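# Notes for the structure review
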Amino acid sequence: MYEGVREVRDNARVTSEHRGDYEELVDEISELLGAPATLENRDFELIAFGAYDSEGDLDPSALDPVRTRSILTRRSTAAVRAWFEGFGITRATGPVRIPPTPEAGVYRGRICLPVRHRGVVHGYVWMLDDDPGPSEHRLSAAMRVTARIGALLADEAQHGADLSRELRAVLTAEPGWQSDMAIAELRTALGPRADGPHTVVCVAPWPSADPDDAPSVRTMPGATALCTLPWGAAESCVAVLMRLRSTDVLTPATTAAGRLLERGRASGGGPGGHPPATAAALGGSPPGGSPPGGSPPGGAAARGAVTHGADARAAGGQRADSGPGSHDARRQPTDTTPGAPAPGVAGGASAGASRRAGGPVAHGPAGGASRGPAAGLATPRSGIAELGLAWREASAAARAALAEPRLGPIAEWSAIGPFRLLTALPPEVAYDPAVQALLSPAHLELARTAEVYLDCAGQAARAAAELGIHRQTLYYRLSRIEKLTGLDLDDGEDRLLLHMALKGARLAHGTATGPPG
């Protein structure tokens with residue numbers, strides 16, 4: 001009846017040894033009821049799609065918006081789930097008929113067969129309802145098949161829960177014999193699968209600390225085990241052990257991370273955000289403050305007039321050779337016209353704005369300081385002997401993606417640059433007394449200027465364009481930064497110290513301290 005039904009079935013989100021069993025059982029229900037059926041778990045995520053062959057033409061009404069989305073995306077929205085659950089399917093022990101509701105996108109009625117085992121609902125079998133529809137005798141026979149499906153789902157749920165406990169034990173064990181014992185237990189549970197290529201995915205913060213709200217491992221292709229762990233003092237994260245085809249191909253892990261992020265955002269996104277002062281200092285926007293990049297409407301010229309009085313004086317004629325470090329020819333302007341754009345930058349602030357909107361050195365979260373979950377991926381490895389190290393890499397990459405939005409929302413540990421070192425340090429070590437004054441609320445603009453300037457490798461033209469300011473203004477701010485910190489921006493070690501301290505502050509305030517260990 002459905003062209004390409006086999007392709008759809010190949011995309012079903014079950015990866016266990018029971019996948020073929022589910023498909024056979026759903027096919028059996030489709031034959032019994034004379035219509036194609038689908039099997040979803042209790043979170044409305046597609047598990048199997050029945051292949052029902054018919055010589056008749058495809059009825060367009062069979063693919064209403066709700067059904068189409070369920071098949072193509074392998075899940076339904078929270079609103080659709082709540083709508084169907086309103087008909088009592090979570091409590092039902094027999095078939096439930098749901099009438100068509102065009103205004104809700106349900107053009108055809110549905111028959112829902114709850115999949116239960118020992119009184120617990122584990123999923124639902126769905127089919128379109130026709131007139132007169134299947135007989136009660138056929139529906140009763142189909143319900144007996146759902147009981148067999150329920151036993152399989154319950155068995156998988158128990159197996160997944162066991163692996164969750166073992167994975168959590170590995171990721172939270174102290175180094176040494178405790179870690180060795182936990183890894184040995186997980187290796188025994190995995191059997192031959194333990195020797196294949198794996199990586200670890202961390203998604204944080206997860207919107208619910210309740211382990212029962214964690215995704216099911218069987219709904220993510222390539223997932224071997226999944227558990228929740230503490231993230232900071234009051235939040236949680238999700239850890240997933242992913243099996244790979246090879247250590248060179250991370251696609252299954254990035255796909256799983258993307259699906260978890262989608263679910264996390266749909267479930268509430270993630271609490272909290274940067275404190276207003278810190279958000280502005282590190283590139284975000286405090287409530288009522290400037291947009292990312294710090295430029296008020298009107299571009300660089302307007303900014304020179306309304307920002308700080310000292311900045312305005314600098315843009316209006318402050319000597320380029322004033323302040324520490326003025327001997328560096330790199331920092332000398334070639335155009336001292338007040339309000340003129342930086343040389344080589346058409347339109348001054350407009351070029352900077354384009355970089356802020358999506359260039360390679362964009363800074364700060366778009367739209368302000370709110371944060372949602374981010375994902376980190378560890379370096380792929382063969383076997384699970386270094387699973388603890390892989391977890392530290394994955395959680396570090398997630399922390400980096402939360403602190404530096406341009407790295408996310410999915411960050412690989414190999415790509416987070418200096419955050420590989422900074423995330424390994426205790427939070428208090430990332431602070432340095434030299435930059436404490438710079439990070440105070442009174443100097444938000446200077447902190448951002450310093451970070452952007454150092455991110456641009458000390459290239460004044462690039463930094464001025466990124467900030468949307470005249471280079472004279474940039475030079476004046478740099479001299480103030482040197483006076484405030486006592487650091488010489490012409491000295492490589494002083495630059496390194498300032499850069500790492502600023503990144504450390506971003507890491508500390510952009511995310512909770514992360515998982516234990």
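Note: the structure precedes this text.
Residues numbered from 1 in each chain as written. Predicted model: local features only at pLDDT ≥ 70, side-chain atom pairs only at ≥ 80, totals over all residues. Heavy atoms only, no water.

## Thoughts on the overall build of the protein
Test applied: To qualify as a helix, a DSSP run of H or I must reach at least 4 residues; to qualify as a strand, a run of E must reach at least 2; elements of each kind are numbered from the N terminus. Values of accessible area rely on a 1.4 Å probe in the Shrake-Rupley scheme; residue burial ignores everything except the protein chains shown.
A tally of regular secondary structure across the protein gives 17 helices and eleven strands. Working note: accessible area of the protein is about 21900 Å², and carbon and sulfur atoms make up 54% of it.

## Quick look at the packing of aromatic side chains
For the record, the criterion: Pairing of aromatic rings covers Phe, Tyr and Trp, the last counted by its six-membered ring, and requires centre-to-centre distances within 6.5 Å; plane angles under 30 degrees mean stacked, over 60 mean edge-to-face, and any other angle means tilted.
As enumerated under the stated definition, the model contains six aromatic pairs in all. Taking 5.0 Å as the distance between ring centres and 80° as the angle between the ring planes, the aromatic pair formed by Trp 83 and Phe 84 counts as edge-to-face. Here the aromatic cluster, defined as three or more aromatic residues joined through ring pairs, consists of Phe 44, Trp 83, Phe 84, Phe 87, Tyr 124 and Trp 126.

## Quick word on the side chain of Arg 381
Rules: For this analysis, a polar contact is any N or O atom pair within 3.5 Å, provided that within protein one partner can donate a hydrogen and the other can accept it, and provided that sequence-adjacent residues contribute only side-chain to side-chain pairs.
Inspection of the secondary structure assignment puts Arg 381 in strand S10 (residues 381-382). Here Glu 393 takes part through its side chain, which lies 2.8 Å from a polar atom of the side chain of Arg 381.

## What to know about the packing of helix H14 (residues 444-455) against helix H15 (residues 460-467)
We apply this condition: Every angle, taken between N-to-C directions, lies between 0 and 180 degrees, and every axis is a line fitted to C-alpha atoms, over only the stretch in contact when it is a helix. Put simply, angles under 35 degrees are roughly parallel, angles over 145 are roughly antiparallel, angles from 65 to 115 are roughly perpendicular, and the rest are oblique. Should the near helix be turned anticlockwise from the far one by less than a right angle, the crossing is termed left-handed; should it be turned clockwise, right-handed. Whether two residues touch is decided by their heavy atoms; if any such pair falls within 4.5 Å, the residues are in contact. Throughout, the ten residues Ala, Val, Leu, Ile, Met, Phe, Trp, Tyr, Cys and Pro are labelled nonpolar, Asp, Glu, Lys and Arg are labelled charged, and all others, Gly among them, are labelled polar.
One can describe the packing of H14 onto H15 by two numbers: an axis separation of 8 Å at closest approach and a directional angle of 135°. Classified by the interaxial angle, the pair formed by H14 and H15 is oblique. Here H14 and H15 pass one another in a crossing that is right-handed. Facing Arg 448, Thr 449, Val 452, Tyr 453 and Asp 455 of H14, the residues of H15 in contact are Ala 460, Arg 462, Ala 463, Glu 466 and Leu 467. Classifying every residue of the contact of H14 with H15 gives five nonpolar, one polar and four charged.

## A word on the packing of H14 against helix H16 (residues 471-485)
Viewed as axis vectors pointing N to C, H14 and H16 meet at an angle of 105°, and their least axial separation amounts to 10 Å. On the basis of their axis angle, the class for H14 and H16 is roughly perpendicular. Contact with H14, carried on its side by Glu 445, Leu 446, Thr 449, Ala 450 and Tyr 453, involves Leu 474, Arg 477, Leu 478, Arg 480, Ile 481 and Leu 484 of H16 and no other residues of that element. When the residues that make up the contact of H14 with H16 are grouped by side-chain class, the tally is seven nonpolar, one polar and three charged.

## Quick notes on the sheet that holds strand S1 (residues 37-41)
Two modes of strand pairing occur in sheets, parallel and antiparallel, and in both the strands are linked by backbone hydrogen bonds. Heads up, the condition is: Any two strands with at least two DSSP-identified bridges between them are counted as paired.
Taken in spatial order, the five strands make up an open sheet running S2-S1-S5-S4-S3, and their pairing is antiparallel. Only two strands of the sheet have a single partner each, and these edge strands are strand S2 (46-49) and strand S3 (96-98). Strand-to-strand twist of the sheet, defined as the mean angle between neighbouring strand axes without regard to direction, takes the value 25°. Summarising the sheet, strand S4 (residues 110-117) and strand S5 (residues 120-128) pair through eight bridges and their orientation is antiparallel. Bridge assignment links Pro 114 to a residue of S5, and that residue is Tyr 124.

## Things to note about unusual backbone geometry
Outside of glycine, negative phi angles account for most residues, and trans bonds account for most peptide bonds. Cis geometry marks the peptide bond from Ala 204 to Pro 205; its omega dihedral reads -10°. Examined against the element boundaries, Pro 205 turns out to sit in strand S6 (residues 197-206). Phi is positive for Ala 457, which is not a glycine, with a value near 60°. Checked against the element boundaries, Ala 457 lands in the loop between H14 and H15.

## Concerning the pattern of salt bridges
Threshold: When a carboxyl oxygen of Asp or Glu is within 4 Å of a side-chain nitrogen of Lys or Arg, the pair counts as a salt bridge. Buried, partly exposed and exposed residues are distinguished by accessible area as a fraction of the type maximum, computed with a 1.4 Å probe on protein chains only: under 20%, between the cut-offs, and over 50%, respectively.
Overall, the coordinates contain 16 salt bridges when judged by the stated rule. Note that Arg 97 and Asp 129 form a salt bridge whose closest N and O atoms lie 3.1 Å from each other. Note that Arg 97 is positioned in strand S3 and Asp 129 in the loop between S5 and helix H5 (136-172), a separation of 32 residues in sequence. According to the relative accessible area criterion, Asp 129 is buried, its value standing at 18%. Glu 451 is the salt-bridge partner of Arg 506, the closest N and O atoms lying 3.0 Å from each other.

## Some remarks on helix H6 (residues 177-190)
Under the convention used in this document: Multiplying 1.5 Å by the residue count of a helix minus one yields the expected span of that helix. Directions pointing from the helix axis toward each C-beta atom define the arc.
Here H6 contains 14 residues, and its C-alpha end-to-end distance of 20 Å stays within 8% of the 20 Å for a straight helix at 1.5 Å per residue. By the burial criterion, the buried members of H6 are Ser 179, Ala 182, Ile 183, Leu 186 and Leu 190. The arc that holds every buried residue of H6, seen down its axis, measures 100°, which confines them to one face. For H6, exposure combined with an orientation more than 90 degrees from the buried face picks out Trp 177, Asp 180 and Thr 188. With its phi angle positive at about 70°, Gly 191 sits one or two positions after the end of H6.

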